[in-house]
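# Coordinate analysis (summary)
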Amino acid sequence: MLVTTLGRMCGIIGYVGASSAEDVVLAGLRRMEYRGYDSAGIALVTADGLAIAKKAGKLANLEKVLADQPLPPATTGVGHTRWATHGPPVDRNAHPHISDDGKVAVVHNGIIENFAALRSELERQGVELSSDTDTEVVAHLLAGAYDSSTEPATDRFAAAMRAVCLRLEGAFTLVAIHTDHPGQVVGARRNSPLVAGIGEGAGEYFLGSDVSAFIAHTRDALELGQDQVVTLDVEHGIAVTDLAGTSLQPRRFHVDWSAAAAEKGGYPWFMLKEIDEQPAAIADTLRGRLADTGQIVLDEVRLSDEDLRDIDKVFIVACGTSNHAAMVSKYAIEHWTRLPCEVELASEFRYRDPVLDRSTLVIAISQSGETMDTLMALRHAKDQRARVLAICNTNGSTIPRESDAVLYTRAGPEVAVASTKAFLAQLAACYLVALYLAQARGTKYADEIATIVAQLNKLPDAVAETLGRMDQVRAIGRELAKEPTILFVGRHVGYPVALEGALKLKELAYIHAEGFAAGELKHGYISLIEQGTPVVAVVPARGRNSVHSKVISNIQEIRARGAKTIVIAADGDDEVAPYADHLIHVPKTPTLLAPVLTTIPMQVLACEIADTRGLDVDQPRNLAKSVTVE
Ligand code: M6R
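The rules behind these values
- Residues numbered from 1 in each chain as written.
- Predicted model: local features only at pLDDT ≥ 70, side-chain atom pairs only at ≥ 80, totals over all residues.
- Heavy atoms only, no water.
- Near = heavy atom within 4 Å.
- Areas by Shrake-Rupley, 256 points an atom, 1.4 Å probe, with all protein chains shown as cover.
- Helix = DSSP H or I, 4+ residues; strand = E, 2+ residues; numbered from the N terminus.
- Nonpolar A, V, L, I, M, F, W, Y, C, P; charged D, E, K, R; others polar.
- Axes fitted to C-alpha atoms, helices over the stretch in contact; angles between N-to-C directions.
- Parallel < 35°, antiparallel > 145°, perpendicular 65-115°, else oblique.
- Contact = heavy atoms within 4.5 Å.
- Domains from an automatic or database assignment.
- Buried area = accessible area lost by both parts, 1.4 Å probe.
- Salt bridge = Lys/Arg side-chain N within 4 Å of Asp/Glu carboxyl O.
- Polar contact = N/O pair within 3.5 Å; in protein donor to acceptor, adjacent residues only side chain to side chain.

### Considerations on the site of the ligand
With respect to spatial proximity, 13 residues lie near the ligand, and among them S322, S366, Q367, T371 and E507 are the closest. For the ligand, the accessible surface in isolation is 410 Å², of which the surrounding protein chains cover 90%. Contributions of two or more residues to the shell around the ligand are made by α9 (320-337) and α16 (494-509). Looking at the shell around the ligand, the element that brings in the most residues is α9, giving three residues. Classifying every residue of the shell around the ligand gives three nonpolar, eight polar and two charged.

What follows is the structure, encoded as structure tokens:
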């Protein structure tokens, strides 16, 4: 028998209220599909018991099933959209899973590490399991733990959930319904995301993997912590307890973006919309944090100047695109603060036993605030007594909640799997943190900070201007759409931009792409270049200590070996023109800030190539937006 753990990084929604649960749950799943699209399913508590529909593949497949065979009316339900790590994404493994008595339906995100032992135990008791998943075990355990004599009756299902959670090892968000409690949804979380929404009407409540699940209905939400169990009850409201049953008061927060922000708004792809939202993402991230005096004001940073003066080393931990933002910010932090700064892939950080202590500042960068690798790196840092500051785009998520301080990027919801506006907002936030450190530690005078602040304030307009020039890049994208390999090179802050360009192209267009530090070409990579190999090169601004002329030499070297060169350079810089098959100009901006502009052609190029190849730009194969497993 194939036994696999499935359903690792998924979108979950639960609803109780007066509206059609099917409509609310399906709409929530549509907004969360970016979290996984291997299968989708829904379960409702109806007058005749549970009603369930589930289907492998994208949500559209489930919607077709429901159009052909509508479910009976119900006002309580759960839904799930799944990203699988192992095993086939087939109908039987789609969530929700049902208990053997047919009374409990459960959806799950995470991995139940001891599920094999629990499964054997259930099989010994004669329970027949019908899927390959770890989740189904929970459905049977919930039915087994349910005690119809527990008082008060309103806590009965939650008590079963607490008892089951105590038996589970690993990471999980669970959301479940029970036919004996038609007005209730019960959820629990450990190391996987879950937030609660408080509906505008009386007796309407939501659970979601993130607020996008219910943003069309409410912007008021509750943070749910580790090992907490939440009951949504149409009559009695929301109750939260720990696993011992002790009542807790969760923190309430207001989401400052609207449902419209999470819709496509007439664009064919979320990614295109999000690329166009970048001027606002940067402006919003900077707003209110730059005082007229040139002083940086970071209210959410709860570290005193004394704490900051104590710091003698900075680590930045992050994954994927967020790691590229970290690499850019290393240049700014070291240059502006003279503090040594190391950038680490979060997935590697804690396994190499880094040297951390109370004088270390660890900055964790994450759009979602739920990336498990980054969360684990953060916890490791805290265990070593380091101070932790999060740069995050998602209010109420786990990473900022567990950090000593947080600076929120204000990019708004990012739905496309490929990160764009969140990246630019992260860069803006990183510059702010670097200046804040420089200010607190006195490594920059106020007038120097004011000058950089003035340059930062020009970025939203410069981004808008860059976006207005992208027709040329789209044409290049169509020209390159059939290429088997595209290389990206840059130096200094252009190097992480090259890495980001290659990552965007790989994840969206499934084309082999690599990013290099241009100076490394001659140490091996240059042998990849054949006649016509496209190479995208980022030329830094001219200036003191600039590697401008060195990058131009590198471009000459690759052109001499037959490369087709696509060069990104600042306005007025035509020195490279003789060696560029295509020359893309972006507005001139200081070297350290240039990645905010030079990344944009990379994003547009990848998007255009993927679209020309007929691919799903927003939901590339095998990926999910929020990676909540290690
Ligand atoms: O939510 P996070 O910023 O922690 O996510 C980190 C990476 O998973 C993410 O940036 C990923 O690399 C994107 N798909 C890149 O476009």
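### So, the packing of helix α13 (residues 421-441) against helix α14 (residues 446-467)
Here α13 crosses α14 at 175 degrees, and the two axes come no closer than 11 Å. In terms of axis orientation, α13 runs roughly antiparallel to α14. Contacts between α13 and α14 involve L424, Y431, L432, L435 and Q439 from the first element and I449, I452, V453, L456 and V463 from the second. The residue makeup of the contact of α13 with α14, split by class, is nine nonpolar, one polar and no charged.

### As for the domain arrangement of the protein
Each assigned domain of the protein is listed here: domain 1 (11-253), domain 2 (264-457) and domain 3 (468-618). The distance between the C-alpha centroids of domain 1 and domain 2 comes to 33 Å. Each side of the interface is counted separately: domain 1 has 13 residues, and domain 2 has twelve residues. Buried surface at the junction of domain 1 and domain 2, summed over both partners, amounts to about 990 Å²; 54% is from carbon and sulfur atoms. Considering only the side of domain 1, the residues that lose the most area to domain 2 are Y34, N191 and E223, jointly responsible for 44% of the buried surface there. Between the two partners, domain 1 and domain 2, sit zero salt bridges. Where domain 1 meets domain 2, there are three residue pairs in polar contact (both at pLDDT 80 or more). Here the side of domain 1 that touches domain 2 is built from residues that sort into seven nonpolar, three polar and three charged.

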